[in-house]
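Structural features, examined
One letter stands for each residue in the lines below.
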Amino acid sequence: MAIEKIWVLAEAGEGGPTPISLELLTEARSLAGTVEAVAWGADVASLAGALGEYGAATVYDVGDLGGSLPGVPVAAAMAALIESGNKPDAILIPATYDGRDVAGRLSARLDVPVLTNVTGLVAGDTLASQHPIFGGSHIVTARFTGEGPGIFVIRAKSFAPESAGGGAANVVAAPAPDTGASNGANITERHVEERSGPKLDEAAVVVSGGRGLGEAANYALIEELAKLLHGAAGASRAIVDAGWVPYSHQVGQTGKTVKPTVYVACGISGATQHLVGMKGSKNIVAINKDAEAPIFSVADLGIVGDVHKVLPQLIEALKAKG
Ligand SMILES: Cc1cc2nc3c(=O)[nH]c(=O)nc-3n(C[C@H](O)[C@H](O)[C@H](O)COP(=O)(O)OP(=O)(O)OC[C@H]3O[C@@H](n4cnc5c(N)ncnc54)[C@H](O)[C@@H]3O)c2cc1C
């Protein structure tokens, strides 16, 4: 039995579908003959061009959810489509807050299991998924044995987005059925995190700091270097847990996955849980005073030195360059 149809849950971000939505569409079209997207919001039609360009023939429009969280109505709309006979072989869902919520609720509605933390997909008679375990040191392969559809929750940056050059997707209305009291929670306020410079998981350069910085105030060095390199500032979990920087800066297994052109790790030991979130970077620079630190095993350029000396010198040199 070949994989004929895959759905991708597509989320809207700043100015179009989120990068992970395009990553999943790209992968889906290499696996199945028909790729369709499911999206929600006040203006799904405005996403149809980009979704089509990356491979979606159709986008099911759940519509404007008003003040609702997406989990309940989007899962209900997808389940209704499937129950009406429109059944994909697999559903690819971004490992985001909303994506996970939709996946869990869809799983319960359809009474099918979910595979989470997926970083690779392998086509065969059915779809197999790859999952890093033990902090990314081993990969296990899993596949569903039941009827399906298979629900896969996939980590960002698992696939590279690539345009297929296709025309706009057809927009098909797929409103959620009445979900009663289960959709009782309402969004009352939204806070957009302040950010200057590129997003951490989209930046071409990421400069991250770890416990080797010594104290919270020294994180300013990381921010300054990141700014000079037009990059984003990241962090190890140790300094997030210590309250030096917010969780949104965390790189690693339980934080963000980044794949920049240049990743600069400053005072970070290189625990497997950190490496799993950044080892796909094209060029890795590590600054650590311990020549035996595991971070050097993945570094393309290693500087054995004290961050308090090396970082100010790097910053001065970049400023002098103008
Ligand atoms: C389930 C689980 C999930 C996890 N998820 C993540 C995750 O997503 N991301 C993550 O980062 N971690 C994660 N961790 C934690 C991880 O195991 C490490 O504890 C953490 O990455 C260590 O952070 P660090 O490298 O900043 O600190 P440390 O391990 O303490 O390393 C500090 C480094 O700084 C160096 N150093 C000290 N002083 C200086 C100096 N003056 N100049 C230069 N170098 C100096 C030291 O030599 C050392 O190598 C997770 C752990 C678990 C159990």
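You'll find the structure just up there.
We now turn to the structure provided with this report.

Scoring rules and cut-offs
Each chain carries its own residue numbering, running from 1 in the written order of its sequence. Only residues with pLDDT of 70 or above have their local features reported here, since the model is predicted, and side-chain atom pairs are shown and tallied only from 80 upward, although totals for entire chains, interfaces and linings are computed over all residues. With hydrogens and water set aside, each side-chain value is computed from the structure's full complement of heavy atoms. Whether two strands pair depends on DSSP finding at least two bridges between them. Numbering goes from the N terminus for both helices and strands, where a helix is a DSSP run of H or I of at least four residues and a strand is a run of E of at least two. A fitted line through C-alpha atoms serves as each axis, taken over the contacting stretch for helices, and the angle formed by two N-to-C directions is quoted from 0 to 180°. In what follows, residue pairs with any heavy atoms lying within 4.5 Å of each other are defined as contacts. Three labels apply to residues, based on accessible area from a 1.4 Å probe with only protein chains included: buried if under 20% of the type maximum, exposed if over 50%, partly exposed otherwise in between. Proximity is defined per residue: any heavy atom of the residue falling within 4 Å of a molecule or strand makes that residue near it. N or O atoms within 3.5 Å of each other form a polar contact, as long as, within protein, one can give a hydrogen and the other can take it, and as long as residues adjacent in sequence are counted only when both atoms are side-chain atoms. Using the Shrake-Rupley algorithm and a 1.4 Å probe, accessible areas are obtained, with residue cover drawn only from the displayed protein chains. All residues other than Ala, Val, Leu, Ile, Met, Phe, Trp, Tyr, Cys, Pro, Asp, Glu, Lys and Arg, Gly among them, are scored as polar; the first ten of these are nonpolar and the last four charged.

**Comments concerning the sheet that holds strand E11 (residues 150-154)**
The seven strands lie next to each other as E7-E11-E6-E1-E4-E5-E12, forming an open sheet whose pairing is parallel. Looking at strand neighbours, the two that pair on one side only are strand E7 (114-118) and strand E12 (170-173), the edges of this open sheet. The mean inter-strand angle of the sheet, taken between neighbouring strand axes irrespective of direction, is 25°. Contacting strand E1 (5-9), strand E4 (34-39), strand E6 (90-94) and E11, helix H1 (residues 19-31) crosses the sheet at an angle of about 175° to E1. Contacts between helix H3 (residues 71-83) and the sheet are confined to E1, E4, strand E5 (58-61) and E6, with E1 contributing the most and set at about 165° to the helix.

**Looking at the environment of Lys289**
By secondary structure assignment, the location of Lys289 is in the loop between strand E16 (283-288) and strand E17 (301-304). In this structure Lys289 comes out as exposed when scored by relative accessible area, which is 71%. Those residues in contact with Lys289, other than ones at most four positions away along the chain, are Val304, Gly305 and Asp306.

**As for the site of the ligand**
Around the ligand sit 25 residues, and of these Ser236, Val251, Thr254, Ser269 and Asn288 come closest. Between a nitrogen atom of the ligand and a main-chain N or O atom of Lys289, the distance comes to 3.1 Å. If the ligand stood free it would expose 990 Å²; the protein chains cover 75% of that surface. The set of elements that each furnish at least two residues to the shell around the ligand consists of helix H6 (237-241), helix H7 (272-275) and helix H8 (307-321). Partitioning the shell around the ligand into residue classes produces five nonpolar, 15 polar and five charged.

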